[in-house]
Amino acid sequence: EVQLVESGGGLVKPGGSLRLSCAASGFTFSSYAMNWVRQAPGKGLEWVSSISTGSSYIYYADAVRGRFTISRDSARNSLFLQMNSLRAEDTAVYYCARVANQYHVDFWGQGILVTVSS
Amino acid sequence: DIQMTQSPSTLSASVGDRVTITCRASQSISSWLAWYQQKPGKAPKLLIYKASSLQSGVPSRFSGSGSGTEFTLTISSLQPDDFATYHCQQYNSYSLTYTFGQGTRLEIK
């Protein structure tokens, strides 16, 4: 069974940092590109960042470029999102998501809440 | 950047109804479109990919169509479990970048 379990969320002050982790199981993690997608309270889904299988290709949404860093450790079957210079507008549930071989997102974790507030 | 616009934002319908949700892209995306269902407090669930391919395990009452800039998700006969929010998403084969529509909330009439 495919499982994606996020951790590392919580309350942080504006300007602070947080590192999200996503533990993957039930599939060959190294064979899949991965995403982070977020959803602000009461809002729609927003793509945040993607990383290819070998980490050669990395993409960011304009809203987070220069502040967030995506990475992966295939030996640990884990995906990460380092978030720096956090702003109130970064408050959201963050989802780890798998990219299927046909490029769409086919499986999502349960999400983790990040709240940026003083 | 490609923009995705869903309509309507909210849709009221009854069990047994046939409903259609539309998603329009600001430029052609060929058939690179997916549809997701999301219930409150839960992660999205993939329904349709490549505009019209039904994800394994998804009931056949769900169908997708379209190409280029206009796409539709149709539920042929609404079931109680179908009341949720539906999101479209564009993607592509040359970069891992994605754009979502703003979502359509399907509520009970």
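Description of the structure in this document. Keep in mind that what you see is a predicted model, and the values were worked out from it rather than measured.

## Here we look at the overall build of chain B
- When you go through chain B residue by residue, the secondary structure sums to zero helices and eleven strands.
- Ordering the α and β elements of chain B from the N terminus gives β-β-β-β-β-β-β-β-β-β-β.
- Relative to a compact globule of 109 residues, whose C-alpha radius of gyration would be 13 Å, chain B shows 13 Å and is just as compact.
- Taken across its 109 residues, chain B has 48% of its residues classed as buried.
- Residue pairs in contact within chain B that sit at least 24 positions apart in sequence constitute 57% of those at least 6 positions apart.
- For chain B, the exposed area adds up to about 4900 Å²; of that, 44% sits on carbon and sulfur atoms.
- A distance of 5 Å separates the average location of the 9 positive side-chain charges in chain B from that of its 6 negative side-chain charges.

## Some words on unusual backbone geometry
All names here are of chain B.
- Omega for the peptide link from Ser7 to Pro8 comes to -5°, which places this bond in the cis form.
- When you line up the elements, Pro8 lands in the loop between β1 (4-7) and β2 (10-13).
- The phi dihedral of Ser30 is positive, around 55°, even though this residue is not glycine.
- Assignment of secondary structure puts Ser30 in the loop between β3 (19-25) and β4 (33-38).

## What to know about the environment of Leu106 of chain B
Residue and element names in this part refer to chain B.
- Looking at the element boundaries, Leu106 is found in strand β11 (residues 104-108).
- On the basis of relative accessibility, which here comes to 3%, the residue Leu106 falls in the buried class.
- Note: C-alpha distance between Leu106 and Tyr36 (70 residues apart in sequence) is 13 Å.

## Thoughts on the pairing of β4 of chain B
Residue and element names in this part refer to chain B.
- Extensive coverage of β4 is indicated by the burial of six of its six residues.
- Judged by which residues are buried, β4 turns out to be covered on both faces: Leu33, Trp35 and Gln37 on one side and Ala34, Tyr36 and Gln38 on the other are all buried.
- Of the pairings in the sheet, the one linking β4 to strand β9 (residues 85-90) comprises six bridges and is antiparallel in character. In the sheet register, Gln38 faces β9, and the bridge partner there is Thr85.
- Strand direction decides the pairing type here: β4 and strand β5 (residues 45-49), joined by three bridges, are antiparallel. In the strand pairing of β5, Trp35 is matched with Ile48.
- Hairpin connection between β4 and β5: a loop of six residues separates the two successive antiparallel strands, and Gly41 in this loop has a positive phi of roughly 75°.

## Focus on the nonpolar core
Residues and elements named next belong to chain A.
- Leu20, Trp36, Phe68, Leu79, Leu81, Met83 and Tyr94 are the most contacted members of the largest nonpolar core, which has 28 residues in total.
- Elements with a contribution of two residues or more to this core: β3 (18-25), β4 (34-39), β5 (45-51), β7 (68-73), β8 (78-83), β9 (92-99) and β11 (112-116).
- No other element matches the four residues that β3 contributes to this core.

## Quick word on the packing of aromatic side chains
- Under the counting rule described, the total for this entry stands at ten aromatic pairs over all chains.
- Here a set of aromatic residues connected by ring pairs shows up, and it is made of Tyr95 and Trp108 of chain A together with Tyr36 and Phe100 of chain B.
- Cation over ring: Arg98 of chain A sits above Tyr32 of chain A, and NZ or CZ is 4.2 Å from the ring centre.
- Against the face of Trp32 of chain B rests Lys50 of chain B, its NZ or CZ located 4.9 Å from the ring centre.

Reading the values: the criteria
Residues numbered from 1 in each chain as written. Chains lettered and ligands numbered in written order. Predicted model: local features only at pLDDT ≥ 70, side-chain atom pairs only at ≥ 80, totals over all residues. Heavy atoms only, no water. Helix = DSSP H or I, 4+ residues; strand = E, 2+ residues; numbered from the N terminus. Rg over C-alpha atoms; globule rule 2.2 N^0.38 Å. Buried < 20%, exposed > 50% of the residue type's maximum accessible area, 1.4 Å probe, protein only. Contact = heavy atoms within 4.5 Å. Areas by Shrake-Rupley, 256 points an atom, 1.4 Å probe, with all protein chains shown as cover. Lys, Arg positive; Asp, Glu negative; His and termini not counted. Charge placed at Lys NZ, Arg CZ, Asp CG, Glu CD. Pairing = 2+ DSSP bridges. Core = buried A, V, L, I, M, F, W, Y, C linked by side-chain atoms within 4.5 Å. Phe/Tyr/Trp six-rings, centres within 6.5 Å; stacked < 30°, edge-to-face > 60°. Lys NZ or Arg CZ within 6 Å of the ring centre and 35° of its normal.

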